[in-house]
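The residues making up each chain are set out below.
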Amino acid sequence: MKKNNLLLRFAVLVTALMCTLGASAQEAYACYTSSNTTLTFYYDNDRSSRSGTTYDLNTGYNYPDWYTDGTNFNVTKVVFDPSFAGARPTSTIYWFFGLSNLQSITGLEYLNTSEVTDMAWMFFYCTNLTSLELSHFNTSKVNSTYNMLGYCQSLTSLDLSSFNTSQVISMSSMFDHCVNLRTIYVGDGWNTAAVTYSDRMFAECTSLVGGQGTTYDANHVDAAYAHIDGGLSNSGYFTAKNAGLRGDVNGDNDVNISDVTALIDLLLGGGTISNSAADCNQDGQVSISDVTVLIDYLLSGNWP
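Computed from a predicted model, the values in this text were never measured in an experiment.

Basis of the calculations
- Residues numbered from 1 in each chain as written.
- Predicted model: local features only at pLDDT ≥ 70, side-chain atom pairs only at ≥ 80, totals over all residues.
- Heavy atoms only, no water.
- Pairing = 2+ DSSP bridges.
- Helix = DSSP H or I, 4+ residues; strand = E, 2+ residues; numbered from the N terminus.
- Axes fitted to C-alpha atoms, helices over the stretch in contact; angles between N-to-C directions.
- Expected span 1.5 Å × (residues − 1).
- Buried < 20%, exposed > 50% of the residue type's maximum accessible area, 1.4 Å probe, protein only.
- Arc of directions from axis to C-beta.
- Contact = heavy atoms within 4.5 Å.
- Parallel < 35°, antiparallel > 145°, perpendicular 65-115°, else oblique.
- Nonpolar A, V, L, I, M, F, W, Y, C, P; charged D, E, K, R; others polar.

### Quick notes on the sheet that holds strand 8 (residues 239-240)
The three strands lie next to each other as 6-7-8, forming an open sheet whose pairing is parallel. Each having just a single partner strand, strand 6 (157-160) and strand 8 make up the two edges of the open sheet. Judged from the four bridges that link them, strand 6 and strand 7 (residues 183-186) form a sheet pairing that is parallel. Within strand 7, the residue paired with Leu-160 across the bridge is Val-186.

Encoded structure:
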């Protein structure tokens, strides 16, 4: 009986050791496949069996090898395999730097950023990328977003509502030359208390409009306007997540002629109007004068 117990304990220890060895053999890496110009991120034991060129993830302030060997110019698609959810990178610096032909990123929800401290240059010059889903990013340990999204010239909106920027020291050039970026959503975790460097943060973001109608001003391109727009009394370039966009009466995250129709319908419907986005002149009530202000905005591109 005692011998059987010893054998059982030995078997358990061997099994545990094998599991430990198997887990330690897992690695995070990227694999480029030229046949479909796709860069895929994995966290598993299968690297040696992958077809294509595999790369270690970069460390420190070094470029990844898929940049230094010129592969970045060929990549049109980035994929995060579900296995990558087990990886815990500590830096994503330069990961997609200069991927000027990149058209899509899928599986980004499998990138766990809870241990990342540096996101500098992460998406810099992804000029053909039209959408980017960052609403799940954990940035609680990030200290730099320097040029993170610079020259992402095809993006029109960004959802950064999950961002906690309490540790960020550098936001310089974070959105530099995002010329078509119109809306940036943020949540309660966004703050600039620790920010020391923020020059050119919004430089040339000429399409940017805050949630209460604040438009781009070349004289305000640093972190001074890096907060939720408070209108004339506290101008900012961001829009509160789940808050009504000024003039977006129908709630489709855009302000156009259909909102004029929606506003008129609201007024004709009578009763109490609780749609804050309909208060276009920001006088605390919704009336026919808001229709005039909304039409003026659509014609001129500027709120009063």
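From this point, the narrative continues.
### Regarding the sheet that holds strand 1 (residues 27-33)
In spatial order, the strands read 3-1-2-4-5; together these five strands make up an open sheet with mixed pairing. Strand pairing shows two members of the sheet lacking a second neighbour, strand 3 (53-56) and strand 5 (104-106), which therefore form its edges. Direction aside, the axes of adjacent strands within the sheet are offset by 20° on average. As paired elements, strand 1 and strand 3 share four bridges and run antiparallel to each other.

### Things to note about helix 3 (residues 257-269)
Think of an α-helix as turning once every 3.6 residues; residues three or four places apart then point the same way. An ideal rise of 1.5 Å per residue puts 18 Å on 13 residues; helix 3 measures up with 19 Å between its terminal C-alpha atoms. The set of residues buried in helix 3 consists of Asp-259, Val-260, Ala-262 and Leu-263. All buried residues of helix 3 project into a common sector of 165° when viewed along the axis, lining one side. Opposite its buried face, helix 3 presents the exposed residues Ile-257, Leu-268 and Gly-269, each directed more than 90 degrees away. Buried residues along helix 3 sit in contact with helix 4 (288-300).

### Here we look at the packing of helix 3 against helix 4
Relative orientation of the contacting elements helix 3 and helix 4 amounts to 180°, with a least axis distance of 10 Å. Looking at the two axes, helix 3 sits roughly antiparallel to helix 4. Contacts from Ile-257, Asp-259, Val-260, Leu-263, Ile-264 and Leu-267 of helix 3 reach helix 4 at Ile-288, Asp-290, Val-291, Leu-294, Ile-295 and Leu-298. By residue class, the composition of the contact of helix 3 with helix 4 is ten nonpolar, no polar and two charged.

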